[in-house]
Amino acid sequence: MEQPTGGAGPADAADGTAESLDRPLPEGVRRRVVALVSDAFGGLTVGELPAQLRQYARFTPSRRAKFAGNAMAAALESDPVFRRRIGERIGQTQPELAEALTSGAPPAAADPVDVAAAAYVLRPAGWVKLVAAAGEEVQRAHAERADEETRRELERLREELDRARGQTRADTERLRAELDAARKENDSLHRKLRSALSEVKRGEAALRKSGAEADTVRAEAAAQVSAAESESRRLKARLAEAEASVEAGRRAAREGRSVEDMRLRLLLDTVLDAAQGLRRELALPPSSLRPADGVEAVEPGRMSPKDIAARALSETDPALLDQLLALPQAHLIVDGYNVTKTGYPQMPLEKQRLRLLGGLSVLAAQTGAEMTCVFDGAELAVPVLLAPPRGVRVLFSKAGVTADELIRQLARAEPPGRPVVVVSTDREVADGVAKAGARPVASALLLKRLSRV
């Protein structure tokens, strides 16, 4: 049996549809209507929903109220069947309120907004008046809340004004006290200023006195400088006379030595003329043989232009290093860290040294050349414990001496004419050893040669 609160009774047909609102729903009533429809929405099947609301069937009530509020309000207003179904759901969830509205006696203790929202859905006789009364009640409550908030705000502003007045009085008293203190300090500063002016005047007088004394001292110094210049000119004259005497003595010594040289040259010419006369008298032929020509051996073949061109090697060709080390008594000096940090900088220093020295040991055994490897030891806290490999001399620079300087010392210590090869990419080292007569080569050249070991 259908409940009398379902919203489809004679009152709805006779009066509810004939009544209509002449103004929009109050905002509070509208929100409550959307909430009622959203809550009742879930009790309906998809087929019972209007076509425009079926896409929101699976939404939660809160999401339906948020995203489908306008659509639900429009369907409720335009679709009587949908409104009747929502009214039936309200009659099931709020039977007392629905029955009271249908009977025309809404409960006095009920929230006017709830009464207006239910009346808008159920549409009993006089529902427009209920909605209008609810709107007026909401506006009245809102106005009362606004008045109350205005009174509280006014009280707060009065309290702040009282506090501001008290703070202003306190600030005024404090500023008066500070002004009095500033006046007293100003008087004190005026007294100090007058005292300072007196001190400045006394200082100016002392400065004038000091200026006069300085003028006197400058005059005395100028006189002393003039005397010193006179003495300097006299000494320069005496020095010039002494230099002239020395030059005359040197000239006399050169003339005497020229006489001795002439006598010695005359004696040498005499000996040479006697030797030539003896050669003519004995009829000795010119000698074109030497003692070494009498030793039997295989002579090398003549070098063709093609062979000579083959000797022109690139500065990066490892064969160039082989030719240099093949020279008699060759000495190879290696800038150790310059080579290792060029070839394998990612390794620890200890392993860099061991790898380089191992390659130099094999190269020394292959070429027979003297080899010296120099490492920078100026910043070492303790000496490095290292057993030098066979055929390689290992040196560390002393404190205060760089490895570059030690390499230049080694190059200068060699006698002129000995083939000395220095391996370093450092331009300063290369220029320094080149002045000492050594042959600089790049570190990359030695690394390529050691890769063939």
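Whatever comes next refers back to the structure up there.
Residues numbered from 1 in each chain as written. Predicted model: local features only at pLDDT ≥ 70, side-chain atom pairs only at ≥ 80, totals over all residues. Heavy atoms only, no water.

Side note on the packing of aromatic side chains
Point 1. Going through the model one piece at a time under the given rule, you end up with two aromatic pairs.
Point 2. Ring geometry for Tyr-337 and Phe-375: centres 5.0 Å apart, planes at 55 degrees, overall tilted. Within this pair, whereas Tyr-337 is found in helix H11 (residues 336–343), its partner Phe-375 is found in strand S2 (residues 370–375), the two being separated by 38 residues in sequence.
Point 3. Grouped by ring-pair contacts, the aromatic residues Tyr-337, Phe-375 and Phe-396 constitute a single cluster.
Point 4. Stacked on the ring of Tyr-337, the Lys or Arg Lys-341 has its end atom at 5.6 Å from the ring centre. (Phe/Tyr/Trp six-rings, centres within 6.5 Å; stacked < 30°, edge-to-face > 60°. Helix = DSSP H or I, 4+ residues; strand = E, 2+ residues; numbered from the N terminus. Lys NZ or Arg CZ within 6 Å of the ring centre and 35° of its normal.)

A few points about the packing of helix H2 (residues 27–41) against helix H5 (residues 80–93)
Point 1. Between H2 and H5, the shortest axis-to-axis distance is 9 Å and the interhelical angle comes to 85 degrees. When the interaxial angle is binned, H2 and H5 end up roughly perpendicular. Only Phe-82, Ile-86, Arg-89 and Ile-90 of H5 make contact with H2, whose side of the interface consists of Leu-36, Val-37 and Ala-40.
Point 2. For the contact of H2 with H5, the per-class residue count stands at six nonpolar, no polar and one charged. (Axes fitted to C-alpha atoms, helices over the stretch in contact; angles between N-to-C directions. Parallel < 35°, antiparallel > 145°, perpendicular 65-115°, else oblique. Contact = heavy atoms within 4.5 Å. Nonpolar A, V, L, I, M, F, W, Y, C, P; charged D, E, K, R; others polar.)

Some thoughts on the pairing of S2
Point 1. Counting buried positions along S2 yields five of six residues, so the element is predominantly enclosed.
Point 2. Here strand S1 (residues 331–335) runs beside S2; their pairing, made up of five bridges, is parallel. Bridged to Val-334 within S2 is Cys-373.
Point 3. Of the strand pairs in this sheet, S2 and strand S3 (residues 392–396) are connected by five bridges, and their pairing is parallel. Counterpart to Phe-375 in the pairing with S3 is Phe-396. (Buried < 20%, exposed > 50% of the residue type's maximum accessible area, 1.4 Å probe, protein only. Pairing = 2+ DSSP bridges.)

With respect to the nonpolar core
Point 1. Membership of the largest hydrophobic core comes to 33 residues, with the highest contact counts inside it found for Val-33, Leu-76, Phe-82 and Ile-86.
Point 2. Looking at this core, the elements that each hand over two or more residues are H2, helix H4 (69–78), H5, helix H6 (95–102), helix H7 (112–122) and helix H8 (127–282).
Point 3. The element that contributes the greatest number of residues to this core is H7, accounting for eight residues.
Point 4. With residues near it in sequence (within four places) discarded, Phe-82 still touches Val-37, Leu-44, Glu-48, Leu-49, Pro-50, Leu-53, Met-72, Ala-75 and Leu-76.
Point 5. Counting 28 residues, the second-largest nonpolar core is a separate cluster that includes Leu-325, Leu-332, Val-334 and Tyr-344. (Core = buried A, V, L, I, M, F, W, Y, C linked by side-chain atoms within 4.5 Å.)

As for the side chain of Ser-397
Point 1. Looking at where Ser-397 falls in the secondary structure, it is placed in the loop between S3 and helix H13 (403–413).
Point 2. The class for Ser-397 is buried, based on a relative accessible area of 6%.
Point 3. Here the side chain of Ser-397 touches Val-401 through a polar contact of 3.0 Å, landing on its backbone oxygen. (Polar contact = N/O pair within 3.5 Å; in protein donor to acceptor, adjacent residues only side chain to side chain.)

A short note on the sheet that holds S1
Point 1. On the basis of which strands lie adjacent, the open sheet formed by five strands has the order S3-S2-S1-S4-S5 and parallel pairing. The outermost strands of the open sheet, each flanked by one partner alone, are S3 and strand S5 (439–441). Across the sheet, the axes of successive neighbouring strands diverge by a mean angle of 20 degrees, strand direction being ignored.
Point 2. Contacts from H13 reach S1, S2, S3 and strand S4 (420–423) within the one sheet, and its direction differs from that of S2 by about 155 degrees.

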